[in-house]
Amino acid sequence: MGAILAVALVPVATASSPPPARLQISADEFGVALSRSSIPTGPAIVELVNYGEDDHDLALRRIGGKRTYRIGIVHPGQTGSLEARLRAGRFTLWCTLADHRSRGMQATLRVGS
Ligand SMILES: [Cu+2]
């Protein structure tokens, strides 16, 4: 009985994909702080938490890449998120509103090893 159970469980274990990597970005005037500086490749959930007093948003693009991932405007005290499957590389992330990027709302994220 025990042997049958073990055999039955193996396919389930190999078929289950890893959970998405999670990254949280804290935003305020005028900076962004990442919960971690790197995440593995594959599915990811990126969350933007606005701790500031102004609206903020987030753009995320791989250096050398063309696609820009976005989290729309997040009001003070609120949270926005996106799910994406990110390729390996270095990503720049920034707030696109007004002059927030030049005021310091920019950071780099490493994806993969
Ligand atoms: Cu901003």
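Up top is the structure.
Everything in this summary refers to the structure shown in the same document. (Residues numbered from 1 in each chain as written. Predicted model: local features only at pLDDT ≥ 70, side-chain atom pairs only at ≥ 80, totals over all residues. Heavy atoms only, no water.)

A few words now on the overall build of the chain. Each helix and strand counted, the chain has one helix and nine strands in total. Across the chain, helices and strands are ordered from the amino to the carboxyl terminus as α-β-β-β-β-β-β-β-β-β. Classification of the 113 residues of the chain by burial places 35% in the buried group. Pairs at least 24 residues apart make up 56% of the contacts formed inside the chain by residues separated by at least 6 positions. When the accessible surface of the chain is summed, it comes to about 6,900 Å², and 52% of that surface belongs to carbon and sulfur atoms. (Helix = DSSP H or I, 4+ residues; strand = E, 2+ residues; numbered from the N terminus. Buried < 20%, exposed > 50% of the residue type's maximum accessible area, 1.4 Å probe, protein only. Contact = heavy atoms within 4.5 Å. Areas by Shrake-Rupley, 256 points an atom, 1.4 Å probe, with all protein chains shown as cover.)

Moving on, we come to the sheet that holds strand β5 (residues 56-62). Across the sheet, five strands lie side by side as β3-β9-β8-β5-β6; this open sheet has mixed pairing. If you trace the sheet from one side to the other, it starts and ends with β3 (38-39) and β6 (68-74), each paired once. Pairing between β5 and β6: five bridges, direction antiparallel. Paired with L58 across the two strands is I71, which belongs to β6. (Pairing = 2+ DSSP bridges.)

Spatial strand order, β2-β1-β4-β7: four strands in an open sheet with mixed pairing. Either end of the sheet is taken by a strand with one partner, and the two such strands are β2 (31-34) and β7 (79-86). Taken pair by pair, the neighbouring strands of this sheet meet at an average axis angle of 20 degrees, ignoring direction. When strand β1 (residues 21-28) meets β2, the two strands line up antiparallel, connected through four bridges. Residue pairing for β2: A27 is matched across the bridge by V32. (Axes fitted to C-alpha atoms, helices over the stretch in contact; angles between N-to-C directions.)

We now examine the coordination of the copper ion. Those protein atoms acting as donors to the copper ion are H56 (ND1), C95 (SG) and H100 (ND1), and they sit at 2.0 to 2.1 Å. For the copper ion, the single-chain donor residues occur in sequence as H-x38-C-x4-H. For the pair C95 and H100, one class covers both residues: buried. (Donors = N, O, S within 2.8 Å, 3.2 Å for Na, K, Ca; no water.)

Any functional reading would require information beyond the geometric quantities listed.
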